[in-house]
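Residues per chain are reported as follows:
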Amino acid sequence: MTTSEASHPTPNFQLSPEHEMIRQAARDFAQNEIAPIAPEFDESGKFPHETIAKMGEMGFMGIEIPEEYGGAGLDTLAYVLALEEICKADAAHGTIMSVNNSLFCYGLLRFGTEEQKQKYLKPAASGQALGAYSLTEPMSGSDAGTMRSRATREGDTYTLNGRKSWVSSAPAANFIVVFIVTEPEMKHQGITAFIVETDKPGFSLGKPEPKLGIRASATSEILFENYQCSEENRLGEEGEGFKIAMTVLDAGRIGIASQALGIAEAAYEASVEYAREREAFGKKIGQFQGIGFKIADMKTRIEASRLLIYQAALAKERSKDTGERFTLEASMAKLFASETAVYCSNEAVQIHAGMGYSKELPVERYYRDAKITEIYEGTSEIQRLVISRMELGLR
Ligand code: COS
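Residues numbered from 1 in each chain as written. Predicted model: local features only at pLDDT ≥ 70, side-chain atom pairs only at ≥ 80, totals over all residues. Heavy atoms only, no water.

Student: Would you mind going over the overall build of the chain in detail, with residue names and values included?
Tutor: Looking only at helices and strands, the chain has 13 helices and ten strands in total. A compact globule built from 395 residues would reach a C-alpha radius of gyration of about 21 Å, and the chain, at 21 Å, matches this within 12%. Referenced to the eigenvectors of the C-alpha coordinate spread, the extents of the chain come out at roughly 80 × 45 × 40 Å. Residues classed as buried in the chain amount to 57% of the 395 residues present. In the chain, the share of contacts with a sequence separation of at least 24, taken over all contacts with a separation of at least 6, comes to 74%. (Helix = DSSP H or I, 4+ residues; strand = E, 2+ residues; numbered from the N terminus. Rg over C-alpha atoms; globule rule 2.2 N^0.38 Å. Buried < 20%, exposed > 50% of the residue type's maximum accessible area, 1.4 Å probe, protein only. Contact = heavy atoms within 4.5 Å.)

Student: Mind laying out unusual backbone geometry, listing which residues take part and the relevant values?
Tutor: Of note, the phi angle at Asn 226 is positive, near 55°, even though the residue is not glycine. Relative to the helices and strands, Asn 226 is located in strand S7 (residues 219–230). Located in the positive-phi region is Ala 353, a residue other than glycine, with phi close to 50°. With respect to the helices, strands and loops of the structure, Ala 353 is situated in the loop between helix H10 (327–352) and helix H11 (354–357). Since its relative accessible area comes to 45%, Ala 353 is described here as partly exposed.

Student: Help me get a handle on the pattern of salt bridges, residues and values and all.
Tutor: Within the structure shown, the criterion is met by 28 salt bridges. Arg 163 is the partner of Glu 221 in a salt bridge, and the nearest nitrogen-oxygen pair spans 3.0 Å. Placement of the pair is Glu 221 in strand S7 and Arg 163 in strand S3 (residues 157–168), with a sequence separation of 58 residues. On the basis of relative accessibility, which here comes to 6%, the residue Glu 221 falls in the buried class. Look at Arg 163 and you get partly exposed, because its relative accessible area is 41%. Where Glu 374 meets Lys 371, a salt bridge forms, and the shortest distance between an N and an O atom there is 2.6 Å. Glu 374 gets classed as buried once you look at its relative accessible area, which sits at 13%. When salt bridges that share partners are traced, they join Glu 84, Glu 265, Lys 299, Glu 303 and Arg 306 into one network. (Salt bridge = Lys/Arg side-chain N within 4 Å of Asp/Glu carboxyl O.)

Student: A description of the nonpolar core should follow, citing residues and the corresponding values.
Tutor: Core analysis: the biggest nonpolar cluster contains 120 residues, and Met 55, Phe 60, Met 97, Leu 160, Ile 176, Phe 179 and Phe 224 have the highest contact counts within it. Per-element accounting of this core gives the leading share, 19 residues, to helix H8 (residues 241–277). Beyond its immediate chain neighbours, meaning those up to four positions away, Met 97 contacts Met 55, Phe 60, Met 61, Ile 63, Tyr 79, Ala 82, Leu 83 and Ile 86. (Core = buried A, V, L, I, M, F, W, Y, C linked by side-chain atoms within 4.5 Å.)

Student: I'd like to hear about the site of the ligand, residue by residue, with values.
Tutor: Close to the ligand lie 24 residues, the nearest being Ser 142, His 188, Lys 243, Asp 250 and Arg 253. Taking Arg 325, its side chain carries an N or O atom lying 3.5 Å from a nitrogen atom of the ligand. Gly 378 is positioned with one of its backbone polar atoms (N or O) 2.9 Å from an oxygen atom of the ligand. About the coverage of the ligand: the protein hides 80% of its 1000 Å² of free accessible area. Here the shell around the ligand takes seven residues from H8, the largest share from any one element. Per-domain counts for the shell around the ligand show at least three residues from each of domain 2 (132–239) and domain 3 (243–392). (Near = heavy atom within 4 Å. Polar contact = N/O pair within 3.5 Å; in protein donor to acceptor, adjacent residues only side chain to side chain. Areas by Shrake-Rupley, 256 points an atom, 1.4 Å probe, with all protein chains shown as cover. Domains from an automatic or database assignment.)

Student: Explain helix H9 (residues 289–322) to me, and be specific about the residues and the numbers.
Tutor: Relative to the 50 Å expected for 34 residues at 1.5 Å per residue, H9 spans 48 Å between its end C-alpha atoms, a close match to the ideal helical length. Looking one or two residues past H9, Gly 323 carries a phi angle of roughly 75°, positive in sign. (Expected span 1.5 Å × (residues − 1).)

Student: Before we move on, can you summarise the packing of H9 against H10 with the specific residues and values?
Tutor: Put simply, H9 and H10 touch, their axes get as near as 9 Å, and they point 155° apart. By the criterion of interaxial angle, the relationship of H9 to H10 is roughly antiparallel. The crossing of H9 and H10 is left-handed. Taken together, the residues of the contact of H9 with H10 break down into 18 nonpolar, four polar and five charged. (Axes fitted to C-alpha atoms, helices over the stretch in contact; angles between N-to-C directions. Parallel < 35°, antiparallel > 145°, perpendicular 65-115°, else oblique. Left-handed = near helix turned anticlockwise from the far one by under 90°. Nonpolar A, V, L, I, M, F, W, Y, C, P; charged D, E, K, R; others polar.)

Student: An account of the packing of aromatic side chains is requested, with residue identities and associated values reported.
Tutor: The description of two aromatic rings rests on the distance between their centres and on the angle between their planes. Tallied over the entire structure, the rule returns eight aromatic pairs. Ring centres of Tyr 120 and Phe 175 lie 4.8 Å apart, and the angle between their planes is 80°; on these two criteria the pair is classed as edge-to-face. Placement of Tyr 120 in helix H7 (residues 114–125) and of Phe 175 in strand S4 (residues 175–181) is noted, with a sequence separation of 55 residues between them. Ring geometry for Tyr 158 and Phe 194: centres 4.8 Å apart, planes at 65°, overall edge-to-face. Separated by 36 residues along the polypeptide, Tyr 158 in strand S3 and Phe 194 in strand S5 (residues 191–197) bring together distant segments of the chain. Just as Tyr 158 is buried, Phe 194 falls in that class too. One aromatic cluster in this structure is built from Phe 104, Tyr 120 and Phe 175. It is Arg 301 that lies over the ring of Tyr 343; its NZ or CZ is 3.6 Å from the centre. (Phe/Tyr/Trp six-rings, centres within 6.5 Å; stacked < 30°, edge-to-face > 60°. Lys NZ or Arg CZ within 6 Å of the ring centre and 35° of its normal.)

Printed below as a string of structure tokens:
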């Protein structure tokens, strides 16, 4: 059995030939086209325009979006399988893919008007344009309802002012779904979503965020100075923004869980290979329990993450018919998979020791890339809050 076969036993989870096909296509593309360039893009922090354009041509930028809106018309399981493979090669490509698929396209599909779908969803899902999502502000992160950016209305035009931060893909994005306060005294119910075009006056990029990991996925602040936004570009109704943001994040969290799984697997496979080859004290290091038990724990957590992610993907799929929320499944998958990615990449560095700390191998990159999965799209603490509130019936 090869290492890569060993990492996908999925005993009670038979994938359909169609799912196997998308997984294989993503794996081939990721290993042939992304893995070889990942170190250089990590080092330079440049946005990988060429490979992202190819991913668009392959249908990876709008996997779950119906074909009539430029997507591949596949299901959530196909999405998580493809994203996992991309992230196994490079998490930064995965961030760009996940943001476009889950945070932009899914939001447009769920809440957009037919006109908005034609104008914004179609190009983003087909890879002709890139979408992003902006909720966070310098003083509003986990407590997302406390944002300060303002939109004031006159007739059918809104004027947007403010500063949003940590916007993944912003420097390369054509369109961004932005959440802004329209009625300050209404708190959560006073937030509205808008589709912003980044080439219009009043929009500009703020400072780029210098990051520990996922360095090739561009992240920056965005600034609004009297940006004029017509009513046609409002996503959903006035005051519905917070719920739209949360609904879309539920989908996003399944994506981040898949990203974390991809990173964990890459770290795990590198560790198995190294433990089989590297010798110390006259033995392969894998023959020492100190290393063998790490491999056992990594493997077990990876497979548990996979099952939680598949469960969340199926819950999201069901929600397309029932309209039911999949918040709990998404948060559990994200919480467990992200902590697994951090655990596995940390153990991978330890198993590789000096070589794990060296830039000659990708292991140190897995370690740096893993950490963000415990932070963005809701920290682990926020996931625990969401899960416990739901289980205790506090929501
Ligand atoms: N789907 C749909 N609606 C949701 C929802 C979800 N997942 N979560 C909350 N809501 C609704 C609630 O039902 C509530 O509606 P009503 O006003 O009709 O009662 C409303 O939104 C406010 O919810 P709540 O009172 O739970 O809001 P809180 O301020 O307590 O915040 C958390 C809830 C902490 C869960 C939310 O702010 C959050 O997820 N924070 C993290 C933000 C984040 O992930 N940021 C990263 C951005 S991307 S880098």
